[in-house]
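# Structural features, examined
Letter by letter, the chains look like this.
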Amino acid sequence: MRQSTYDERLILKDVSIDRLLDNGDSSPRLQQIDFELSPGEWVNIAGVNGSGKSSLARLLAGLTIEGVQGTWSRGFAGNGPSPYVMQQPDAQLFAETPREEIRFALEWRGMPPHEIMLRTEEILTFTGLSAIGDIPWNRLSGGQRQLAAVAAASAGETSLIVFDEATSMLDEQSMVLVQGLAKKLHQRGTAIVWVTQRLQEMTSTARVVAMLGGSIVFDGKGEEFLYGSEEQVGQGPTPCQTVGLRLPYLSALALELGRLGKLKRPYPETKEEWDQALARIEAVPR
Ligand SMILES: Nc1ncnc2c1ncn2[C@@H]1O[C@H](COP(=O)(O)OP(=O)(O)OP(=O)(O)O)[C@@H](O)[C@H]1O
């Protein structure tokens, strides 16, 4: 893999990874990936199991993968690996409590000892973990452990964090908390790569990159990913359905009402928008 000249964006050009099958043949794990990420951007990466999401996410985080071919530049993300939050928080927790975990992360990043205590308290406050800072992992929920993992991952000022299905083992409430923390980091200017199969986590305006068979087959706005382009309403599967993902219930309802001519784009997302849309449908004489 060749390192290209410096650009502020993180860029992958024509990147592929082959994997060897048991019978000696090779099959692409990633193929001909062209991808760019700007500083402070949020991108969702979606796709079914085995489509290549984690392989792409690991590359974006700057983690080493054998056999990578192509050209890349990590731009604003810098030369070292970026924090990578995995599905299972326990796989990346080293210390005994959230406070120790954050302290450990700061030590590891080389922060001078006299700054560590103050910064640890700031991070506990920022992440909403102050009240449980000294409680050992076995008395915390999976959601609380995942929040601590994110807190430690973001402990040094970081320009990029990769979340690889970080909420897939969590209940709805914990999912909202972890995603809320990612949003706070994003507002602070951190670029976020958010790998997910839970499409209800995406907003219609967010960027979605969808993978299928190791290739990027869609790169655009969430609304077009879920519903297709405005001209295509009612014609064939949407990009989301093409990659084999199921539309969230409310999106499927919106799409169907659109196909019946009862709803117009942009389709409702929030409860208030749905209340208004349904009131309009009710008001139309049958
Ligand atoms: N370390 C590895 N060595 C060889 N092949 C791998 C390795 N990791 C993943 N693969 C293969 O690469 C392909 C893409 O896997 P990857 O984990 O990137 O997909 P994914 O979309 O993240 O899947 P999942 O949602 O199941 O985690 C799969 O066919 C997988 O079997």
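Keep in mind it's a predicted model, so treat the numbers as computed, not measured. (Residues numbered from 1 in each chain as written. Predicted model: local features only at pLDDT ≥ 70, side-chain atom pairs only at ≥ 80, totals over all residues.)

## Topic: the overall build of the chain
Helices and strands together make up the secondary structure of the chain, namely 9 helices and 10 strands. When each of the 286 residues of the chain is scored for burial, the buried share is 34%. At a minimum sequence separation of 6, the contacts of the chain that also span at least 24 residues come to 66%. (Helix = DSSP H or I, 4+ residues; strand = E, 2+ residues; numbered from the N terminus. Buried ≥ 20, exposed ≤ 12 C-beta atoms within 10 Å, placed from the backbone. Contact = placed C-beta atoms within 7 Å.)

## Focus on the site of the ligand
The environment of the ligand is made up of Arg19, Arg29, Gly47, Asn49, Gly50, Ser51, Gly52, Lys53, Ser54 and Ser55. Sorting elements by how many residues they give to the shell around the ligand places helix H1 (residues 53-60) first, with 3 residues. Of the residues in the shell around the ligand, the class split is no nonpolar, 7 polar and 3 charged. (Near = placed C-beta within 6 Å. Nonpolar A, V, L, I, M, F, W, Y, C, P; charged D, E, K, R; others polar.)

## Comments concerning the nonpolar core
Burial of nonpolar side chains together is a common tendency in soluble globular proteins. Ranked by size, the top nonpolar core spans 62 residues in total, and within it Val85, Ala151, Val162 and Phe163 carry the most contacts. In terms of residues, this core owes the most to one element, helix H4 (residues 142-153), which gives 7 residues. (Core = buried A, V, L, I, M, F, W, Y, C linked by C-beta atoms within 7 Å.)

## Quick look at the sheet that holds strand E9 (residues 207-212)
Spatially, E6-E7-E8-E4-E9-E10 is the arrangement adopted by the 6 strands of the open sheet, whose pairing is mixed. The outermost strands of the open sheet, each flanked by one partner alone, are strand E6 (84-85) and strand E10 (215-221). Where E9 and E10 come together, 6 bridges link them in antiparallel fashion. Considered in E10, the bridge of Met211 is made with Ile216. Helix H5 (residues 172-187) contacts strand E4 (42-46), strand E7 (160-164) and strand E8 (191-196) of the sheet and is inclined by roughly 155 degrees relative to E8. (Pairing = 2+ DSSP bridges. Axes fitted to C-alpha atoms, helices over the stretch in contact; angles between N-to-C directions.)

## Considerations on the pairing of E4
Relative to E8, E4 runs parallel, the two being bridged by 5 bridges. Residue pairing in the sheet places Asn44 in a bridge with Trp194 of E8. As judged from the 4 bridges shared by E4 and E9, these two strands associate in the parallel manner. Following the sheet pairing, Val43 is matched in E9 by Arg207.

## Re the confidence of the model for the chain
Residues with a pLDDT of 70 or more make up 96% of the chain, whose mean pLDDT is 89. Between the elements of the chain, mean pLDDT differs from a low of 44, seen in strand E1 (residues 2-3), to a high of 97, seen in E4. Contacts from residues 1-5, a stretch scored under 50 in pLDDT, to residues over four places away or in other chains number 8 contacts. Confidence estimates for the predicted assembly give a pTM of 0.89 and an ipTM of 0.93. (pLDDT = per-residue confidence, 0-100.)

## Points about the packing of H4 against H5
To characterise two packed helices, one gives the angle between the axes of the helices and the distance between these axes. Where H4 meets H5, the closest approach of the two axes is 9 Å, and the angle between their N-to-C directions is 10 degrees. Comparing the axis directions of H4 and H5 gives the class roughly parallel. Between H4, through Gly142, Gly143, Gln146, Leu147 and Val150, and H5, the contact on the second element is made entirely by Gln173, Ser174, Leu177, Val178 and Leu181. A per-class count over the contact of H4 with H5 returns 5 nonpolar, 5 polar and no charged. (Parallel < 35°, antiparallel > 145°, perpendicular 65-115°, else oblique.)

## Considering unusual backbone geometry
A cis geometry characterises the amide bond from Arg265 onward to Pro266, with omega recorded as -10 degrees. Phi angles above zero are rare outside glycine, and Asp14 is one such case at about 50 degrees. Positionally, Asp14 belongs in strand E2 (residues 10-20).

## Some remarks on helix H2 (residues 98-108)
Among all positions of H2, only Pro98, Arg99, Glu101, Ile102, Arg103, Ala105 and Leu106 are buried. On its buried face, H2 sits against helix H3 (113-126) and H4. Looking at the residues trailing H2, positive phi occurs at Gly110, about 85 degrees.

## Focus: the environment of Gly67
Within the fold, Gly67 resides in the loop between H1 and strand E5 (68-73). Its 13 C-beta neighbours within 10 Å are what place Gly67 among the partly exposed residues.

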